[in-house]
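The primary structure of each chain is shown beneath.
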Amino acid sequence: MGKSKTKNQKKARVTANHVAEETYGAVPHSFVFHRGQIGKNVGQLIQDVRRVMEPYTAETLKVRKKNVLKDFVAIAGPLGVTHFMIFSKTPSSVNMRLARLPKGPMLHFKVLKYTLVKDVVSTLKKHRMHEQQFTHHPLLILNNFGSDGMQVKLMATMFQNMFPSINVHKVNLNNIKRCVLLNYNPASQEIEFRHYSLKVVPVGMSRGVKKLMQERFPNMNKFEDISELLMKGANLSESEAEQDGEHNITELPQVYSGRGNMASQQSAVRLTEIGPRMTLQLMKIQEGMGDGNIIYHSIISKTEEEIQAILNRKEAQLKEKEDRRKRQEQNVSQKKEKRDEHKKKSLDGIKRKRDEAEEDSEVEDPGMQDDQTAAVESDDEVEYYRQAVGEEPDEDMFPAAKRRRGPAKSHVPAKKWKQSPGKSSTEDRGAKSTKRSSPGGQRRDKMGKDQQRKGWKKSGDREKPFGKKMNPRGKALGAKKPGDRENKFGGKKKFEGNKTFGKNKNKDFRSKGQKGKPGFKRKGAGAKQGFKQRKGKG
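Scoring rules and cut-offs
Residues numbered from 1 in each chain as written. Predicted model: local features only at pLDDT ≥ 70, side-chain atom pairs only at ≥ 80, totals over all residues. Heavy atoms only, no water. pLDDT = per-residue confidence, 0-100. Contact = heavy atoms within 4.5 Å. Helix = DSSP H or I, 4+ residues; strand = E, 2+ residues; numbered from the N terminus. Buried < 20%, exposed > 50% of the residue type's maximum accessible area, 1.4 Å probe, protein only. Lys, Arg positive; Asp, Glu negative; His and termini not counted. Salt bridge = Lys/Arg side-chain N within 4 Å of Asp/Glu carboxyl O. Polar contact = N/O pair within 3.5 Å; in protein donor to acceptor, adjacent residues only side chain to side chain.

Here's the deal with the confidence of the model for the protein
The pLDDT averaged across the protein works out to 75; a share of 63% of its residues lies at or above 70. Across residues 454–469, confidence stays below pLDDT 50; counting only partners more than four residues off in sequence or on other chains, it has 34 contacts. Scored below 50 in pLDDT, residues 490–521 makes 70 contacts in the model with residues more than four places away or belonging to other chains.

Some thoughts on the side chain of Arg 50
Relative to the helices and strands, Arg 50 resides in helix α2 (residues 40–53). No salt bridge forms around the buried Arg 50; measuring N to O, its nearest opposite-charge neighbour Glu 54 is 8.7 Å away. There is a polar contact of 2.8 Å between the side chain of Arg 50 and the backbone oxygen of Val 32. Non-local contacts of Arg 50, meaning those with residues more than four positions away in its chain, are made with Val 32, Phe 33, Thr 57, Ala 58, Glu 59, Thr 60 and Leu 61.

A look at the side chain of His 195
Position of His 195 among the secondary structure elements: in strand β7 (residues 190–202). Using a relative accessible area of 1% as the deciding quantity, one classes His 195 as buried. A polar contact is formed between the side chain of His 195 and the backbone oxygen of Gly 275, at a distance of 2.8 Å. His 195 has contacts with Val 52, Phe 134, Arg 178, Cys 179, Val 180, Thr 272, Glu 273, Ile 274, Gly 275 and Pro 276, leaving out every residue within four places of it along the chain.

Description of unusual backbone geometry
With an omega of 5°, the peptide bond running from Glu 54 to Pro 55 counts as cis. Positionally, Pro 55 belongs in the loop between α2 and α3 (69–79). Following Leu 101, the chain continues into Pro 102 via a peptide bond in cis, with omega recorded as 0°. Along the chain, the position of Pro 102 falls in the loop between β3 (94–100) and β4 (106–115). Not every positive phi belongs to a glycine, and Asn 144 is a case in point at roughly 70°. The exposure class assigned to Asn 144 is partly exposed, which follows from its relative accessible area of 40%. Non-glycine residue Gln 189 carries a positive phi angle of around 55°.

Following this line, the structure appears as structure tokens:
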């Protein structure tokens, strides 16, 4: 089991991580992406440029069609991105825009020529390109950018700020593996972009010694002594040795990676191009993120009066935009106030209605409840009379039901009665009028005779079945009619056994003859109208 870290080791690691984060956040970062439709070759050029800008760039930045420049600007702030390299393509040319965040300026370049990495590497006999070269940023070399002109100085400043600055007193030479060369041609006003790989080799020794140091042992079967190899370097091809001169030989201040590269010794710096190549031409410089004034234009030139007119027009547009924005804010605030006021009124109305409903539910009206109960009982009495007798009661018999129903008639159509065979409509009307004018006992005798004629079995005087009794027109008493209503207990109220009408409980309801007083009393008699059930006497 390994030893646990001490407190000092943990503190040192935390401090180192904090310094690394500060250092990483202080260096410039970049986004390389495209706008609009581009071809396959331009897309590969973007990937190659991202490779050049590593490690301080977004290697796998995803760009969608619906993304706009404002989206990249909004996300660049939290990520610490300082520069944009935007590629676009037109039918006639390929363009590149170089922008400084967050407020510009933006430089517009025209890509006259470009060569991809795969094309550059394919032309080399030997190329050196490995992943360790891209773990550190490249060394920037500017050539011929000291000429006069505001646009040239601005370009030089923009390119310098794209790459991290180097302190020559603290830099570690082993971290410098690549370099980017930008050469400006004042005559043609073109910029040559090149990307190289660095290699440092010792000088001042024979080719044979270099072979031994590189662990490449030559064929020494023709040598008589080892000194021949060290002094002459015989049988070695000229292609294995590169021509070095004063242009690339320097004295190393530090020990550099590689065999024989010692401090204070002569070494040669060799460059190998790894691509891509680009030939750029500056077209114009614009303030802001592509929406400001034109500072410089390589083709169009304007006088002072024209520039002043453009500035005045731009100022008027900005003022109009500001006024429109203020009016819009006022309209939004007014709409919000109206909406809040309407919402408040609605809530007050809802609350007021709820309070009124609660007050109405709490108030009790005993008189109204009694009237409603009496009306319901009167309806039950009328229904029971219809089932027992088979006729509609007189208007004066149940005054409570009349008051409740009023003069309106039921909407349910009454069922037509069939005429008995052998009788005319005149006879039926005469029989009906006879029944209405005869007393209650005679009406019951008539009903009993009709039942005997139809084959009904006559029972004793005291055991008359009333549940299935037929009326003179052939319809069973108690049958369901369209106008019948259900009672408050959910079903039809049926007639059962012998019953008495009114308050006279001692009088039997007979089927034959009239004994004693009639079974129905009018309102003038002073007795309360109602039906009560009672078993007949045996």
